[in-house]
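# Chains, contacts and geometry: an overview
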Amino acid sequence: GHPTVEKIHQQVRITFPTTSLATVYKTVTLLKELGEVLELGFAGESSRYDGNKPYPHPHVVCMKCHTIIDPELDCFKHLTREITEETGYEIVNHRLDFFGFCPECRKHP
């Protein structure tokens, strides 16, 4: 998944009940700095974190239930190179998010 720090804290406390929220924040910040976690910030919401693919990749976000999935897109693999060739920019980071409604939320509007 793509949990918030608060959700990670809830899960960690099951096994380590004395762990503070501050400790989880510091750990996630360190993992982000080490390139082991990708932070996904959204306006008006807590940041979500992706440890499965800690590098830039596209996300699809449900605007109702806030589920986030990682689609595998062949066209995305060459996008950075194409943009560099087209613009002359040196791309150092990027983010691509698609927003819509997941199949489950579309069933129950």
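For the structure, check the block above.
Residues numbered from 1 in each chain as written. Predicted model: local features only at pLDDT ≥ 70, side-chain atom pairs only at ≥ 80, totals over all residues. Heavy atoms only, no water.

## A few points about the overall build of the protein chain
Scanning the protein chain from N- to C-terminus turns up four helices and five strands. Secondary structure elements of the protein chain occur, N-terminal to C-terminal, as α-α-β-β-β-β-α-β-α. Taking 13 Å as the expected radius of gyration for a compact globule of 109 residues, we find that the protein chain reaches 17 Å, considerably beyond that expectation. If one aligns the C-alpha atoms of the protein chain with their principal axes, the spans along those axes are about 50 × 40 × 25 Å. The contacts in the protein chain between residues at least 6 apart in sequence include a share of 40% that link residues at least 24 apart. (Helix = DSSP H or I, 4+ residues; strand = E, 2+ residues; numbered from the N terminus. Rg over C-alpha atoms; globule rule 2.2 N^0.38 Å. Contact = heavy atoms within 4.5 Å.)

## Notes on the pattern of salt bridges
Scanning all chains against the criterion turns up four salt bridges. Note that glutamate 39 and lysine 32 form a salt bridge whose closest N and O atoms lie 2.5 Å from each other. Given the relative accessible area of 30%, glutamate 39 is considered partly exposed. As a salt-bridge pair, arginine 95 and aspartate 97 come within 2.6 Å of each other at their nearest N and O atoms. (Salt bridge = Lys/Arg side-chain N within 4 Å of Asp/Glu carboxyl O. Buried < 20%, exposed > 50% of the residue type's maximum accessible area, 1.4 Å probe, protein only.)

## A short note on the side chain of aspartate 97
In this fold, aspartate 97 is placed in strand E5 (residues 97-100). A distance of 2.6 Å separates polar atoms of two side chains, one belonging to aspartate 97 and the other to arginine 95. In this structure aspartate 97 touches Phe42 and His59, once residues within four positions along its chain are discounted. (Polar contact = N/O pair within 3.5 Å; in protein donor to acceptor, adjacent residues only side chain to side chain.)

## Some words on the packing of helix H1 (residues 5-15) against helix H2 (residues 21-33)
Across the interface, H1 lies against H2 with an axial gap of 9 Å and an inter-helix angle of 115°. The handedness of the crossing between H1 and H2 comes out as right-handed. Residues Val5, Glu6, Ile8 and His9 of H1 pack against Leu21, Val24, Tyr25 and Val28 of H2. In the contact of H1 with H2, the residues fall into six nonpolar, one polar and one charged. (Axes fitted to C-alpha atoms, helices over the stretch in contact; angles between N-to-C directions. Left-handed = near helix turned anticlockwise from the far one by under 90°. Nonpolar A, V, L, I, M, F, W, Y, C, P; charged D, E, K, R; others polar.)

## Comments concerning the pairing of strand E3 (residues 59-62)
As paired strands, E3 and E5 are joined by four bridges and run parallel to one another. Counted as the bridge partner of valine 60 is phenylalanine 98 from E5. In the sheet, E3 pairs with strand E4 (residues 68-69) via two bridges, with the strands oriented antiparallel. Residue valine 60 lies in a different strand from E4, and its bridge partner there is isoleucine 69. Between the end of E3 and the start of E4, which pair antiparallel, lie five residues, with histidine 66 showing a positive phi angle near 70°. (Pairing = 2+ DSSP bridges.)

## Examining the sheet that holds E4
Taken in spatial order, the three strands of this open sheet run E4-E3-E5, and their pairing is mixed. Of all the strands in the sheet, just E4 and E5 have a single pairing partner and so form its edges.

Read these as layout, nothing more, since geometry by itself doesn't imply function.
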